[in-house]
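Descriptive structure summary
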Amino acid sequence: MKYLKIYLLILTAFFASSQEVEEVIVSAEKTEKNILDVTTTLNLYEGDFLESQEITELGQLGYYVPNLTVQEQEVAYPSFSMRGIGNDSGNLTFRIGRFMNGQSMGTTTMSSFALFDIDRIEILKGPQPTTFGVDASAGAINVVTKKAELGETYGSVEMGFGDFNRNYLETTHNFAISDNSAFRISTYYVDVEGYTENLSGRDVDARGNAKALRLSYTNDLTDRLSTDVVFYHEYNDSPGVGFKNTFLPSPLDSENSIYGPVDFRNDRETNTKRYLDTYQLLFDYILSDNSSLSLNIQNASTATDNFYEADGSFIQLFSALNNRDDELESFEIQYNYNADNLSFFVGFNEQSRAANDEYEFYFDEGYLMSFLQVDGFFSAQYGLPGVFGLGGASVFASTKIFDPSLDLLAARTAYGQAILGNYVAFPVSLYTENRFDIADEEASSVYLNGSLRVNEDLTLTLGYRESETESFALQRVPDCPRPLLLGFCQTPSYELSNNFSDDGKGLFKYGANYSYSDEISFYVNYSEGRVNPVVAFSAVTPAEEVETLDVGFVMVSSNAFLSGAIYTYDFMNYSVVRQNYASGQTELDIMDTATIQGFELYGSYNFDENTKVFGSFGNNDAELGINTTSGESFDYAGNKWRLAPEYSYSVGIDFMVDKINTVLAYTYQDDMFTEESNDPFTLIEGYGLVNLNLSYSMNQYNVSAFAKNLLDEKYLIDIGNTGGAIIGTPTVIQGSPLTLGVSVSFDY
């Protein structure tokens, strides 16, 4: 009731000053609708907003979206969390779907791409079974690119430079070929050096590097048949991620600050390279005044080469090279019907995807022997198995193994110093091991969604999807190229594989939309989501299930937009990998039920044609459940979910004075844990960022400048990583410092 009163007060204030209705069209529910008619909680960000804020990555946009957290420190393995749910892994199972023009970008290495020449980004909260399927069991992000415009010939060129030797070039050209066809070519180029200093090599942390090309072709072949073709290519070559381990301090780094430089001394520079290619064929055929047929065909592939310093230190205790190839193909056909009081669509989707991983792990044998000896000593001290008993994870990989009275900082510091102090150099090359992972999935589904207009004000919706999946997983570890000096391989060779067929479960979505006036609508929806069983080479986890209820509103007028929702989730069968505090063994717990609840708001208000304010606010109470499905309590009970801040908000002003446009924005993200163990060393403290963008326009010319993180706030974007999960000494990744840039553009 308290939240409802807040909503009504805000609505009254906005409604009192609004004038005429401005129509906002979205495609969130698989067909284009006025946003006032949608029954899904939706955050909409148009291309103009992205350009005014110099937003070119989903990680940058995430700060403005209530209850969305995006970790995008590299293009290969981004992480997404929506309303506390996320924690995607490198396999083919997702809780938050990522889409481009409605088509799945459904492997991890496809999920991150440059944002340029964008029409809008739609962020859908809660399960989306009928529109986007099982990959969107907790929500979906749909990036809609600009298509070729019929009857128009125009273009633009923008170039600039900035800090960290940033060079930038973006071009857009739209050509009218005939009255019925058009072609659009967009290019994007950014080259920038890392913002984190490397004391012994190339600086690291430079996510934005990209060379991208998008080709779009539109043709109204007949009065009834139209087609769109979209081809996209992106190549990334970045200096890698700056994992830093303060528990293994460099002798060259006297301060040893989490915000200081790294010291990587590998024979090979850390690096991330990726090729991303997609094409989409979209056909629409009008059958009658009320019905149409659409066909979508897509192919996407990536080739990734990622070398990283896993231990985050100057020693070569553990580094790795990951070569990965992914491919996705999908086919979808949909029948659409739209009449005055009844509209519906029914469709069939078929999708296949595959991921092939090849790993090479590198170890300095002297540090490896030191690590094993030191870990054995500390394990004996605490009465726990250590590396060999934990399946490759050290005694410090989970803090709650220990008595709460333990001074964890002192213990981990002593642990790291002992590893360094025990080192003995061996006259041998780096010890290496290889591993190969293969995952394949074939899925098909049928879906339908209908809306019935009961009267002028009330519309009811019903959706349903049925899916089935065939999955295969394999892992192979061959014999090591040479054994350790101890005479054996650290990991014995093996090959394990697994097949699994999942018949799925019917998923429903119910909704109602009530038009309070021409400017305000209220909606409620109940939705079911399901995460397919995760098929690993040695096990299959049960399917996760989620049930959600959203109650929200949307207000649109000529000078104001406001949307908000309160929600509650029941999440069942969530799989939690943890370490048993009593035995030290790694275990998999299947959580019974966790309840997540919260509320969110976002909107904008135009005082006049030159001044606008905008903002967002999200509150999210996300805690793990108390019991397992077998009724037993477990050690992570009541812990915070990963990447789930309790509060996040943004506020900004956009105003123009004498042809100079200024956009000043502040974003804040509350404390959050990066691991569900809630290890105190995986807590990212809350931080706020100020961003400033200036532009001056004169006829077809424009000069702009930006300052990201204007106050040079020190903050972290990730903690834990391989250093924490295996070695037991968490590594950190710092966020981008103050970054300045300028650009000049020309329109024709």
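As the structure is a prediction and not an experimental result, all values here were calculated from the model.

How each quantity is defined
Residues numbered from 1 in each chain as written. Predicted model: local features only at pLDDT ≥ 70, side-chain atom pairs only at ≥ 80, totals over all residues. Heavy atoms only, no water. Salt bridge = Lys/Arg side-chain N within 4 Å of Asp/Glu carboxyl O. Helix = DSSP H or I, 4+ residues; strand = E, 2+ residues; numbered from the N terminus. Buried < 20%, exposed > 50% of the residue type's maximum accessible area, 1.4 Å probe, protein only. Expected span 1.5 Å × (residues − 1). Polar contact = N/O pair within 3.5 Å; in protein donor to acceptor, adjacent residues only side chain to side chain. Core = buried A, V, L, I, M, F, W, Y, C linked by side-chain atoms within 4.5 Å. Contact = heavy atoms within 4.5 Å. Patch = residues over 30% accessible without salt bridge, like charges linked within 9 Å, V, L, I, M, F, W, Y side chains within 5 Å. Areas by Shrake-Rupley, 256 points an atom, 1.4 Å probe, with all protein chains shown as cover. Lys, Arg positive; Asp, Glu negative; His and termini not counted. Charge placed at Lys NZ, Arg CZ, Asp CG, Glu CD. Phe/Tyr/Trp six-rings, centres within 6.5 Å; stacked < 30°, edge-to-face > 60°. Lys NZ or Arg CZ within 6 Å of the ring centre and 35° of its normal. pLDDT = per-residue confidence, 0-100. Pairing = 2+ DSSP bridges.

This part takes up the pattern of salt bridges. Within this structure, the stated rule accounts for 26 salt bridges. A salt bridge links Lys-147 to Asp-228, with the shortest nitrogen-to-oxygen separation between them at 3.8 Å. One end of the pair, Lys-147, is in the loop between strand 9 (139-145) and strand 10 (154-162); the other, Asp-228, is in strand 14 (residues 225-238), with 81 residues separating them in the sequence. Accessibility expressed as a relative area gives 38% for Lys-147, which makes it partly exposed.

With that settled, consider helix 4 (residues 365-382). Because an α-helix completes one turn every 3.6 residues, residues spaced three or four positions apart along the sequence face the same direction. For helix 4, built from 18 residues, the straight-helix expectation of 26 Å at 1.5 Å per residue is met to within 8% by its first-to-last C-alpha distance of 26 Å. When we look at burial in helix 4, the residues that qualify are Glu-365, Gly-366, Tyr-367, Leu-368, Met-369, Ser-370, Phe-371, Leu-372, Val-374, Asp-375, Phe-378 and Ser-379. By the N-cap criterion, in which a side-chain oxygen at the helix start approaches the backbone nitrogen of a residue two or three places on, helix 4 is capped by Asp-364, the distance to Gly-366 being 2.9 Å. Just downstream of helix 4, Gly-383 is the residue with a positive phi angle, here 70°.

Before going further, it helps to examine the nonpolar core. Grouped together as the largest cluster of nonpolar side chains are 119 residues, with contacts concentrated most on Ile-35, Leu-58, Leu-61, Ile-121, Ile-123, Phe-371 and Trp-641. Beyond its immediate chain neighbours, meaning those up to four positions away, Phe-371 contacts Leu-317, Val-387, Ser-394, Tyr-415, Ile-419, Ile-726 and Ile-727. Core analysis: the next-biggest nonpolar cluster, separate from the first, contains seven residues, Ile-520, Phe-553, Met-555 and Tyr-605 among them.

Among the surface-exposed residues, Glu-327, Glu-329, Glu-350, Asp-440, Glu-442, Glu-466, Glu-468, Glu-470 and Asp-503 lie close enough to one another that they form a single negatively charged patch. Of all elements in the fold, only strand 17 (319-338), strand 19 (431-453) and strand 20 (458-477) reach the threshold of two or more residues within the negative patch. The element that contributes the greatest number of residues to the negative patch is strand 20, accounting for three residues. Locating Glu-327 in the fold gives a position in strand 17. The class for Glu-327 is partly exposed, based on a relative accessible area of 39%.

Moving on, we get to the packing of aromatic side chains. All chains considered together, the criterion is met by 40 aromatic pairs. Ring plane angle 15° and centroid distance 3.8 Å describe the contact between Tyr-367 and Tyr-423, whose orientation is recorded as stacked. Linking Tyr-367 in helix 4 with Tyr-423 in the loop between helix 6 (408-421) and strand 19, this pair joins segments that are 56 residues apart in sequence. For Tyr-423, a relative accessible area of 28% gives the class partly exposed. Among the aromatic residues, ring-to-ring pairing joins Tyr-45, Phe-49, Tyr-64, Phe-561, Tyr-602 and Phe-614 into one connected group. Positioned above the aromatic ring of Tyr-359, the side-chain terminus of Arg-435 is 4.6 Å from the ring centre. Positioned above the aromatic ring of Phe-706 is the side chain of Lys-708, whose terminal nitrogen or guanidinium carbon lies 5.7 Å from the ring centre.

By secondary structure assignment, the location of Thr-109 is in the loop between strand 7 (103-104) and strand 8 (118-125). There is a polar contact of 2.7 Å between the side chain of Thr-109 and the side chain of Thr-302. Here Thr-109 is in contact with Val-75, Ala-76, Tyr-77, Arg-274, Thr-302, Thr-304, Arg-324 and Asp-326, once residues within four sequence places are set aside.

It is worth spelling out the environment of Asp-117 at this point. Looking at the element boundaries, Asp-117 is found in the loop between strand 7 and strand 8. As a C-alpha pair, Asp-117 and Asn-306 span 189 residues in sequence and 28 Å in three-dimensional space. A polar contact of 2.5 Å, which involves the side chain of Asp-117, links it to the side chain of Ser-186.

Below, the discussion takes up the confidence of the model for the chain. Per-residue confidence for the chain gives a mean pLDDT of 90; residues scoring 70 or more make up 93%. Averaged pLDDT values over the elements of the chain bottom out at 47 in helix 1 (residues 2-17) and peak at 98 in strand 12 (residues 181-191). Throughout residues 1-8 the model reports pLDDT below 50, and contacts reaching past four residues in sequence, or to other chains, amount to ten contacts. Long-range and interchain partners of residues 11-19, a stretch whose pLDDT sits below 50, account for 22 contacts in this model, where long-range means more than four residues apart.

For Leu-643, which is not a glycine, the phi torsion comes out positive at approximately 55°. Checked against the element boundaries, Leu-643 lands in the loop between strand 27 (611-622) and strand 28 (647-657). On the basis of relative accessibility, which here comes to 1%, the residue Leu-643 falls in the buried class. Of note, the phi angle at Asn-678 is positive, near 55°, even though the residue is not glycine. The topology assignment puts Asn-678 in the loop between strand 30 (672-673) and strand 31 (683-684). Judged by relative accessible area, Asn-678 falls into the buried class, the value being 11%.

To continue, consider the pairing of strand 8. Extensive coverage of strand 8 is indicated by the burial of seven of its eight residues. Sheet topology places strand 3 (residues 42-46) next to strand 8; five bridges connect them, and they run antiparallel. Across the sheet, Tyr-45 pairs through a bridge with Ile-121, a residue of strand 8. Sheet analysis places strand 8 next to strand 9, joined by seven bridges and oriented antiparallel. Bridge pairing in strand 9 links Ile-118 to Thr-145.

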